[in-house]
Amino acid sequence: MTTTLKRRLTRSLALLLPGLVLTGALTGCATPPPKSDTADYQAYRQLNDPLEPTNRVFYKVNSVLDKYAMKPIAKGYVAITTQGIRDHVGDFTSNIGEPARMLNFMAEGQPTDAGTSLMRFLLNSTIGLGGIFDPATALGYRETDTDFGLTLACWGVPAGPYLYLPVFGPSGARDVWNLPVEWFATPMEAAPESTALDDFSLAETGINLINTRAELLEPIDQINATALDPYATFRSLYRQSRASQLQQIKQRDKRTWPNWYHQPAQ
């Protein structure tokens, strides 16, 4: 298979994946209680998880995959690396995501945060040796986070029902669109096609998954050991995290000229 054909197939899958996930999930909707049963109906709406039967199936599948694949790999990875190495890997993969964050901040009308993401990418990609080091933070450009789901939230798009995706984990009808946007906004996608670049992209995705899972070993183990219903706990934590991220975006930035430019003369 040629590099061009592989990239076209990957692009098509990235675009189709959110629709396929939503279509498949909708076939497993839970039946809501009758509106006459006020308490149960309000609880059902508050959970906003009409796809719970399908979500729980995916959660069980992911739990099996994690138990026999991702968790052992992550534990082995921790055993042969130091926290410093894992921090550098996290910095490297985070730097690859800066262009996407910059575009999302621009779409949200947050110019200061967009400028911060741009400066971080330029500094860390050069003097930070491709993002392995994070000199931008030392120079005052702290990491800021957003994604296309939060951009849609800033535009007033509701979160929609909760989704638990195969492999990817907690998400939602709005947040699932992060998948194609993050793919197409990477520097690798914008670069000329090459087999080496495609291989690098796959390797970067894999090491990012392993590095992230390694950082979550203790929290996930604690939830699985103590929560009466880990699925419900993960759902609640995901929603709290997304609400907190959105609130921070709204509070942190002002719709003014980026503060890394000289202010225009009045």
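Reference entry: report on the structure contained in this document. What you are looking at is a predicted structure, and each value in this text was computed from that prediction instead of being measured.

What counts, and at which threshold
Residues numbered from 1 in each chain as written. Predicted model: local features only at pLDDT ≥ 70, side-chain atom pairs only at ≥ 80, totals over all residues. Heavy atoms only, no water. Helix = DSSP H or I, 4+ residues; strand = E, 2+ residues; numbered from the N terminus. Polar contact = N/O pair within 3.5 Å; in protein donor to acceptor, adjacent residues only side chain to side chain. Contact = heavy atoms within 4.5 Å. Expected span 1.5 Å × (residues − 1). Buried < 20%, exposed > 50% of the residue type's maximum accessible area, 1.4 Å probe, protein only. Axes fitted to C-alpha atoms, helices over the stretch in contact; angles between N-to-C directions. Parallel < 35°, antiparallel > 145°, perpendicular 65-115°, else oblique. Left-handed = near helix turned anticlockwise from the far one by under 90°. Nonpolar A, V, L, I, M, F, W, Y, C, P; charged D, E, K, R; others polar.

## Some details on the side chain of Thr-151
Phase 1: Along the chain, the position of Thr-151 falls in helix H8 (residues 148-154).
Phase 2: Within polar-contact distance, the side chain of Thr-151 engages the side chain of Glu-108 at 2.7 Å.
Phase 3: Excluding anything up to four places from it in sequence, Thr-151 contacts Asn-104, Ala-107 and Glu-108.

## Focus: helix H6 (residues 111-126)
Phase 1: Given a rise of 1.5 Å per residue, 16 residues ought to cover 22 Å, and the 23 Å separating the end C-alpha atoms of H6 matches this to within 8%.
Phase 2: Taken as a whole, H6 has its buried residues at Thr-112, Asp-113, Ala-114, Gly-115, Thr-116, Ser-117, Met-119, Arg-120, Leu-123 and Asn-124.
Phase 3: Looking at the buried positions of H6, the neighbouring elements they touch are helix H4 (83-96), helix H5 (98-108), helix H7 (135-138) and helix H13 (230-252).

## Let's talk about the packing of H5 against H6
Phase 1: Packing of H5 against H6 brings their axes to within 8 Å, and their N-to-C directions diverge by 165°. For the element pair H5 / H6, the angle class is roughly antiparallel. Crossing angle aside, the handedness with which H5 passes H6 is left-handed. Contacts from Glu-98, Pro-99, Arg-101, Met-102, Phe-105 and Met-106 in H5 reach Asp-113, Ala-114, Ser-117, Leu-118, Arg-120 and Phe-121 in H6.
Phase 2: The class makeup of the residues in the contact of H5 with H6 is seven nonpolar, one polar and four charged.

Take it as geometry only, folks, not as evidence of what the structure does.
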